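Below, each chain spelled out in residue letters.
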Amino acid sequence: MAKKKSKSKAGSNTIALNKKARHEYFIDDEIEAGLELQGWEVKSLREGKTNIAESYVYIRDGEAFISGMTITPLTQASTHIVANPTRVRKLLMSRKELDNLFGRINREGMTLVATSLYWSRSWAKIKIGVAKGKKLHDKRTDMKEKDWARDKARIMKSNLR
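The rules behind each value
Residues numbered from 1 in each chain as written. Predicted model: local features only at pLDDT ≥ 70, side-chain atom pairs only at ≥ 80, totals over all residues. Heavy atoms only, no water. Phe/Tyr/Trp six-rings, centres within 6.5 Å; stacked < 30°, edge-to-face > 60°. Lys NZ or Arg CZ within 6 Å of the ring centre and 35° of its normal. Salt bridge = Lys/Arg side-chain N within 4 Å of Asp/Glu carboxyl O. Helix = DSSP H or I, 4+ residues; strand = E, 2+ residues; numbered from the N terminus. Buried < 20%, exposed > 50% of the residue type's maximum accessible area, 1.4 Å probe, protein only. Contact = heavy atoms within 4.5 Å.

J.: Kindly report on the packing of aromatic side chains, identifying the contributing residues and their values.
T.: Each aromatic ring pair is specified by the distance between its two centres and by the angle formed by the two planes. The final tally for this structure, using the stated rule, is 2 aromatic pairs. Pairing tyrosine 56 with tyrosine 58 gives two aromatic rings, centres 6.1 Å apart and planes at 35°, and the pair type is tilted. Within the aromatic cluster, the residues linked to one another by ring pairs are Tyr56, Tyr58 and Phe65. Directly above the aromatic system of tryptophan 119 lies the positively charged group of arginine 46, at a separation of 4.2 Å from the ring centroid.

Written out as structure tokens, the structure reads:
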């Protein structure tokens, strides 16, 4: 009896990460949102041709939008469409989540930062962090802690040998 082939995924579901966000901001809470995309954008995301490092999220008229996210168009996928790689894209969220974010931004002086872009089944999702900016001394403290953790791991590794 022949065994069925299992569908194994090559790689992870992550499309893009914003590593700079964790360095620049204290991320308090993360929320998942969908993206309103065009067909050529989905094909480019499948190829991994996107950048969310310079992107930011804002709320206008009760809807959330992401600006500055770059999706580079594929030449073979978008021949008949004039593609705008940095267009403003709408985020798909529930009314309750939008109201919560709007309140936190206005009351607490927080900002919204895109932290990661990934696939959830066949849907492109973006993780938005509710964040507060770091000062220079906070960044230095984080760097010291990171260096100490790395040195501590080296010491422990050398002691185990």
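J.: Outline the pattern of salt bridges, listing residues and values.
T.: Going through the model one piece at a time under the given rule, you end up with 9 salt bridges. With a shortest N-O distance of 3.5 Å, aspartate 29 and arginine 104 are connected by a salt bridge. You can see aspartate 29 sitting in strand β2 (residues 25–35) and its partner arginine 104 sitting in helix α3 (residues 95–108), a full 75 residues away along the chain. Residue arginine 104 is classed as buried on the basis of its relative accessible area, which comes to 11%.

J.: With reference to specific residues and values, describe the side chain of serine 116.
T.: With respect to the helices and strands, serine 116 occurs in strand β8 (residues 111–120). When its relative accessible area of 12% is taken as the criterion, serine 116 is described as buried. Not counting chain neighbours up to four residues away, the residues in contact with serine 116 comprise Ala16, Leu17, Ile52, Lys125, Ile126 and Lys127.

J.: A description of unusual backbone geometry should follow, citing residues and the corresponding values.
T.: Comment: phi is negative for the bulk of residues other than glycine, and the bulk of peptide bonds are trans. For aspartate 61, which is not glycine, the phi torsion reads 55° and is therefore positive. Using a relative accessible area of 76% as the deciding quantity, one classes aspartate 61 as exposed. In this structure, arginine 121 takes a positive phi of about 60° despite not being glycine. With respect to the helices and strands, the residue arginine 121 is situated in the loop between β8 and β9 (123–133). Here arginine 121 falls in the exposed class, since its relative accessible area comes to 76%.

J.: Which residues make up the environment of leucine 98, and what values go with them?
T.: If you trace the backbone, leucine 98 turns up in helix α3. Between the C-alpha atoms of leucine 98 and serine 67, which are 31 residues apart in sequence, the distance is 17 Å.

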